[in-house]
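One-letter residues, chain by chain:
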Amino acid sequence: YSAEDVGPFVGHPNRDDEMAAHPLNALAIGLNGVGCPESDLDRRQMRATYHAMQREVDDQLGRLFRFLQESGLYENTLVVLTSDHGEMGGDHWLVQKLGYWDESYHIPLIIRDPRPAADTTRGLHVDEFTESVDVLPTILEWIGIETPDQCDGRPLTPFVTDGTTPDHWRDAVFWEWAF
């Protein structure tokens, strides 16, 4: 992966303008390991290297899926792939998950239900608000266990099995970070 192939970054075109936008920006960008490299080439190479690491994960997932298929387990295995956070990747002159921007909070969530009931929704992209707290209720419903009252999430199964949004689904999410 080459630095020359990295597209434009999100945010102000220079660090000083980004830092002036909000006190959190000024603090975070100045922190070692949180602010991204100042050099445009280094910033682009950092993102290119991250893309290469993502490719490595994809390759290893491919190995896992091939094993599941070759061993006959694929058609009986629920696959849930997610992450705990997004990555700034140089956007807003930051790395890691620090910040209040979409790059930190749009996280991957891929669910592959092997049951025939999910055949019609394969490849469906859901634009509704989902949260990490929805993963446990989804898995529990899939294996036939009731979701405990202390769980805040709701099963994503209706999205997966028939592509419908459940009744009374959230139309907003709440996010708080004490700065």
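Before reading on, note that the structure itself is shown above.
A brief structural summary. (Residues numbered from 1 in each chain as written. Predicted model: local features only at pLDDT ≥ 70, side-chain atom pairs only at ≥ 80, totals over all residues. Heavy atoms only, no water.)

### Considering the overall build of the protein
Inference 1: In terms of regular secondary structure, the protein is built from 6 helices and 2 strands.
Inference 2: Put simply, the protein runs from its N terminus to its C terminus through helices and strands in the order α-α-α-β-α-β-α-α.
Inference 3: Each principal axis of the C-alpha atoms in the protein carries an extent, and together these give about 55 × 40 × 25 Å.
Inference 4: If you take every contact in the protein between residues at least 6 apart in sequence, the share linking residues at least 24 apart comes to 62%.
Inference 5: Separation between the mean location of the 13 positive side-chain charges and that of the 32 negative ones in the protein comes to 6 Å. (Helix = DSSP H or I, 4+ residues; strand = E, 2+ residues; numbered from the N terminus. Contact = heavy atoms within 4.5 Å. Lys, Arg positive; Asp, Glu negative; His and termini not counted. Charge placed at Lys NZ, Arg CZ, Asp CG, Glu CD.)

### Focus: helix H5 (residues 135-142)
Inference 1: Among all positions in H5, only Val135, Pro137, Thr138 and Leu140 are buried.
Inference 2: Those residues of H5 that are buried lie in contact with strand E1 (79-82), strand E2 (109-112) and helix H6 (157-162). (Buried < 20%, exposed > 50% of the residue type's maximum accessible area, 1.4 Å probe, protein only.)

### Quick look at the packing of aromatic side chains
Inference 1: For the coordinates displayed, the defined rule picks out 3 aromatic pairs.
Inference 2: With a centroid separation of 5.2 Å and 85 degrees between ring planes, the pair formed by Phe159 and Trp169 is classed as edge-to-face. Taken as a pair, Phe159 in helix H6 and Trp169 in the segment after H6 lie far apart in primary sequence, 10 residues in all.
Inference 3: Classification of Trp169 as buried rests on a relative accessible area of 10%.
Inference 4: Sitting over the face of the ring of Trp93, Arg43 holds its NZ or CZ atom 3.7 Å from the ring centroid. (Phe/Tyr/Trp six-rings, centres within 6.5 Å; stacked < 30°, edge-to-face > 60°. Lys NZ or Arg CZ within 6 Å of the ring centre and 35° of its normal.)

### Some remarks on the side chain of Asn25
Inference 1: Mapping Asn25 onto the fold places it in helix H2 (residues 23-29).
Inference 2: At a separation of 3.0 Å, a polar atom in the side chain of Asn25 contacts the main-chain carbonyl oxygen of Glu18.
Inference 3: Those residues in contact with Asn25 that lie beyond four places of it in its chain are Glu18, Met19, Tyr100 and Trp101. (Polar contact = N/O pair within 3.5 Å; in protein donor to acceptor, adjacent residues only side chain to side chain.)

### Considering helix H3 (residues 40-70)
Inference 1: Spanning 31 residues, H3 covers 45 Å between terminal C-alpha atoms, matching the ideal 45 Å at 1.5 Å per step.
Inference 2: Here the buried face of H3 lies against E1.
Inference 3: Backbone nitrogen of Leu41 and a side-chain oxygen of the N-cap are separated by 3.3 Å at the start of H3; the cap is Ser39.
Inference 4: The positive-phi residue at the C-terminal boundary of H3 is Gly72, with phi of around 80 degrees. (Expected span 1.5 Å × (residues − 1).)

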